[in-house]
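Structural description and commentary
Take a look at the letters that make up each chain.
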Amino acid sequence: MVSGVSGNITGRGFALNVHRTIISVVVITVPLLLCSCAGWPGGDPVLQAKKTIECCDPFMGDYQGGWKLNDGTDSGSLVARVIALGKGEYRVIFYDAFDVPSEPLAALNGELEGSKVRMTKVDPNVGTFDIEASATIEADQLNGTFGGPSGAGSFELEKTIRLSPTLGMKPPDGAVVLFNGKNFNEWEPTQKKPGVDQVQWKRVKSRAMEVVKGAGSIVTKKKFNDFKLHLEFRTPCMPEARGQGRGNSGVYLQGRYEVQVLDSYGLEGKDNECGGIYKVGAPLVNMCAPPMQWQTYDITFTAPRFDNAGAIAQNARVTVVHNGVTIHDERVLPGPTGGALDNNVAEPGGIYLQDHGNPVQFRNIWLVEL
Ligand code: MG
């Protein structure tokens, strides 16, 4: 934990602490909200998010606080992500800060013991220095001790719910509303089967749609060139799943370039994980939120440009803002990614959402043509 980096968490303005007073309200109202993992309109969005994340797992999620040396000579900020791995197993990864490129400082594995999680196994493959550490998670607190070359100390972190600043953003005048929860009128299956030309995905609570395994991917009937797209998604609770089998879907721009959707909460942030341009570019920061939390993509897409002879003069480009943080800044897209609907890069294309067999949800989808 003692990385030599002291000071404040950078914040970026959208970390919302869950204070003890709020937690007491949750405890009182839990009986009313029990079994409602789907979300509901209205109410405090932070409490809603906390409830839906904890529907999946009570310990999983973001924690924020600080560390200090026992001799009082140094201290600093510290954050952590707790991942639920199923069957009572957990992993916690520590960083200096959220929302900025940050190598993990350390990782611990552990398991459920009664009403708490005990984490005592230091992962030797994570972090750049040797430490001994142990931690306990109980009642929204993640506390522990460490010892290493820089000394021995302790840390105290509290669960925090960090919502995207663009969550629930309303379509501006002139926007093309692609999905507002009411129907699939703007969509069609990417592959029409005999007798089935309608979307077979589910509409669910909180004005969302959900992938139905085997029903196939869907694409907008309208096609677009340059645009700004707003879309919200959440990955399902699949604690025992791993890798590409954990909350996989995707958002294809012009039906050709996939911005990956995956539950890669707490993973490295590779080009095939959430926010990655599939096998083309990794996100600048892994902004993946815990499963069951609504997340946002705000994507600006510029189609390829062509010279008079029809050759590409400028490749397609994309800027992706994930949960309020830019994870691709004018990234050049050399060509369609795997699973593209076609290679006709000179043609406009639709927004295509992938059926990758997992019940990922989407809502509040609209775009502004540029
Ligand atoms: Mg995918």
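Residues numbered from 1 in each chain as written. Predicted model: local features only at pLDDT ≥ 70, side-chain atom pairs only at ≥ 80, totals over all residues. Heavy atoms only, no water.

A few points about the sheet that holds strand 11 (residues 187–189)
Strand order in the open sheet formed by 5 strands is 11-14-23-16-17, with antiparallel pairing between adjacent strands. The two strands at the open ends of the sheet, each matched to only one other strand, are strand 11 and strand 17 (257–261). In the sheet, strand 16 (residues 249–253) pairs with strand 23 (residues 352–353) via 2 bridges, with the strands oriented antiparallel. Across the sheet, the residue bridging to tyrosine 252 is tyrosine 352, located in strand 23. (Pairing = 2+ DSSP bridges. Helix = DSSP H or I, 4+ residues; strand = E, 2+ residues; numbered from the N terminus.)

Describing the pairing of strand 5 (residues 106–113)
As judged from the 6 bridges shared by strand 4 (residues 89–95) and strand 5, these two strands associate in the antiparallel manner. The residue bridging phenylalanine 94 from the neighbouring strand is alanine 106, located in strand 5. Pairing geometry for strand 5 and strand 6 (residues 116–122), over 6 bridges, is antiparallel. Bridge pairing in strand 6 places asparagine 109 opposite lysine 121. Hairpin geometry of strand 5 and strand 6 is characterised by an intervening segment of 2 residues between the two adjacent antiparallel strands and by a positive phi of about 65° at glycine 114.

A closer look at the pairing of strand 15 (residues 227–234)
Buried residues dominate strand 15, accounting for 7 of its 8 residues. Two strands pair when backbone bridges link them, and strand 15 and strand 18 (residues 295–302) are joined in this way by 7 bridges, in the antiparallel orientation. Counted as the bridge partner of glutamate 232 is threonine 296 from strand 18. Here 7 bridges tie strand 15 to strand 24 (residues 361–369), and the two strands are oriented antiparallel to one another. Looking at strand 24, one finds that glutamate 232 is bridged to arginine 363. (Buried < 20%, exposed > 50% of the residue type's maximum accessible area, 1.4 Å probe, protein only.)

Let's talk about the environment of glutamate 132
Relative to the helices and strands, glutamate 132 is located in strand 7 (residues 132–138). Relative accessible area serves as the criterion here: at 62%, glutamate 132 is assigned to the exposed category. Here the alpha-carbon distance between glutamate 132 and glycine 148, two residues 16 residues apart in the chain, equals 6.4 Å. With near-sequence residues (within four places) excluded, glutamate 132 lies in contact with Val122, Thr145, Phe146 and Gly147. (Contact = heavy atoms within 4.5 Å.)

Topic: the coordination of the magnesium ion
All of the protein donors around the magnesium ion are Asn248 (OD1), Ser249 (O), Glu258 (OE), Gln260 (OE1) and Gln354 (OE1); their distances to the metal are 2.2 to 2.5 Å. Mapped onto the sequence, the residues coordinating the magnesium ion show the spacing N-S-x8-E-x1-Q-x93-Q. Of this pair, glutamate 258 sits in strand 17 while glutamine 354 is found in the loop between strand 23 and strand 24, placing the two residues 96 residues apart along the sequence. What makes glutamate 258 buried here is its relative accessible area of 3%. A residue is classified by how much of its surface remains accessible, and glutamine 354, at 11% relative accessible area, is buried. (Donors = N, O, S within 2.8 Å, 3.2 Å for Na, K, Ca; no water.)

Some words on the pattern of salt bridges
This model, assessed by the stated rule, comprises 17 salt bridges. Notably, a salt bridge pairs aspartate 263 with arginine 246, separated by 2.8 Å at the nearest N-O pair. With aspartate 263 in the loop between strand 17 and strand 18 and arginine 246 in the loop between strand 15 and strand 16, the pair connects residues that are 17 residues apart, well separated along the chain. Arginine 246 carries the same exposure label as aspartate 263, and that label is buried. (Salt bridge = Lys/Arg side-chain N within 4 Å of Asp/Glu carboxyl O.)

A short note on the packing of aromatic side chains
Under the criterion given, the structure shown has 11 aromatic pairs. Over the aromatic face of phenylalanine 98 sits the side chain of arginine 162, whose NZ or CZ is 3.9 Å from the ring centroid. (Phe/Tyr/Trp six-rings, centres within 6.5 Å; stacked < 30°, edge-to-face > 60°. Lys NZ or Arg CZ within 6 Å of the ring centre and 35° of its normal.)

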